[in-house]
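Examining the three-dimensional arrangement
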Amino acid sequence: HDKRKRQAILQTVAAAGCIAADKLPDGAIEAIPHINKELAMAHCSIQRVKYNGIFYYAVVNDEVDELSQQATSMSADHITFFKNLLDVILDAEDKKVRTTDMHKHGPCEVVVPKNWKAAWGDSHWKEQLRTELDALALDLWLQKVEENSYTLGPRTLLDLRSYLHRECVVEIDSWRP
């Protein structure tokens, strides 16, 4: 019975990608240490981060390796775009990126893949870019903080915890959007 309940909790968290504590099934928080013991041999765990006063949970790979890099549904262009977004956000004084700062021609902080621009057309590329950013916010990779402004979301802080700490010297627990 307990094992089935733990499996259901794990499936819920994994399916959500990133889930707020109030959306977890009953008994989930108490079961997480037991689930993490079972996940340890797979180098995974359910991690938590406090974001805007809300605890979020996600199943994360505790080891950066070739398999973890392949375990994403993002295309190579999306990964490059997202890494560039991370750099821009982390380099910004207010830790935000704004769509109003993105230009198609000339110096541009956020690099939009050329084939995206070509596919979107000259008149619609900025609108499509907002759609891409909104989709990342919907999946909690980003957090929309104002109409045209985004920062790191809780899923980024959870899934990329070791990368952010090691490569970007970001203190996850003290991140403020």
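Residues numbered from 1 in each chain as written. Predicted model: local features only at pLDDT ≥ 70, side-chain atom pairs only at ≥ 80, totals over all residues. Heavy atoms only, no water.

Description of the environment of Arg-130
Within the secondary structure layout, Arg-130 lies in helix H6 (residues 125–138). Along the primary structure Arg-130 and Asn-148 are separated by 18 residues, whereas in three dimensions their C-alpha atoms are 8.0 Å apart. Setting aside its immediate chain neighbours within four residues, Arg-130 contacts Thr-99, Asn-148 and Tyr-150. (Helix = DSSP H or I, 4+ residues; strand = E, 2+ residues; numbered from the N terminus. Contact = heavy atoms within 4.5 Å.)

What about the sheet that holds strand E5 (residues 142–146)?
Within the open sheet, the three strands sit side by side as E4-E6-E5. Their pairing is antiparallel. Only two strands of the sheet have a single partner each, and these edge strands are strand E4 (97–98) and E5. Looking at chain direction, E4 and strand E6 (residues 149–152) are connected through two bridges and run antiparallel. Residue Val-97 lies in a different strand from E6, and its bridge partner there is Tyr-150. Relative to E6, helix H4 (residues 76–91) is tilted by about 95 degrees, and along the sheet it contacts E4, E5 and E6. Seen against the sheet, H6 touches E5 and E6 and runs at an angle of roughly 115 degrees to E5. (Pairing = 2+ DSSP bridges. Axes fitted to C-alpha atoms, helices over the stretch in contact; angles between N-to-C directions.)

Observations concerning the packing of aromatic side chains
Counting across every chain of the model gives two aromatic pairs. Ring centres of Tyr-51 and Tyr-56 lie 6.3 Å apart, and the angle between their planes is 80 degrees; on these two criteria the pair is classed as edge-to-face. Assigned by exposure class, Tyr-51 and Tyr-56 land together as buried. The ring centre of Phe-55 lies 4.0 Å from the NZ or CZ of Arg-48, which sits over that ring. (Phe/Tyr/Trp six-rings, centres within 6.5 Å; stacked < 30°, edge-to-face > 60°. Buried < 20%, exposed > 50% of the residue type's maximum accessible area, 1.4 Å probe, protein only. Lys NZ or Arg CZ within 6 Å of the ring centre and 35° of its normal.)

What about the packing of helix H1 (residues 2–16) against helix H2 (residues 28–39)?
Orientation of H1 relative to H2, taken along the N-to-C sense of each, is 90 degrees, at an axis distance of 10 Å. Judged on the interaxial angle alone, H2 and H1 are roughly perpendicular. Note on element contacts: H2 touches H1 through Ala-28, Ala-31, His-34, Ile-35, Glu-38 and Leu-39, opposite Arg-6, Ile-9 and Leu-10. (Parallel < 35°, antiparallel > 145°, perpendicular 65-115°, else oblique.)

A word on the sheet that holds strand E2 (residues 44–51)
Pairing in this open sheet of three strands is antiparallel, and the strands run E1-E3-E2 from one edge to the other. Each edge of the open sheet is held by one strand with a lone partner, namely strand E1 (19–20) and E2. Of the strand pairs in this sheet, E1 and strand E3 (residues 54–61) are connected by two bridges, and their pairing is antiparallel. Counted as the bridge partner of Ile-19 is Tyr-57 from E3. Across the face of the sheet, H1 comes into contact with E1, E2 and E3 while running at roughly 95 degrees to E3.

Observations regarding the pairing of E2
The pairing of E2 with E3 spans eight bridges and is antiparallel. By the bridge assignment for E3, Tyr-51 is matched with Ile-54. Hairpin geometry of E2 and E3 is characterised by an intervening segment of two residues between the two adjacent antiparallel strands and by a positive phi of about 55 degrees at Asn-52.

Some details on the side chain of Arg-155
With respect to the helices and strands, Arg-155 occurs in helix H7 (residues 154–159). Taking the relative accessible area as the measure of exposure, Arg-155 reaches 18% and is therefore buried.

A closer look at the side chain of Ser-45
Along the chain, the position of Ser-45 falls in strand E2. We classify Ser-45 as buried; its relative accessible area is 6%. A polar contact of 2.7 Å, which involves the side chain of Ser-45, links it to the side chain of Gln-47. (Polar contact = N/O pair within 3.5 Å; in protein donor to acceptor, adjacent residues only side chain to side chain.)

The values are spatial; any link to function lies outside them.
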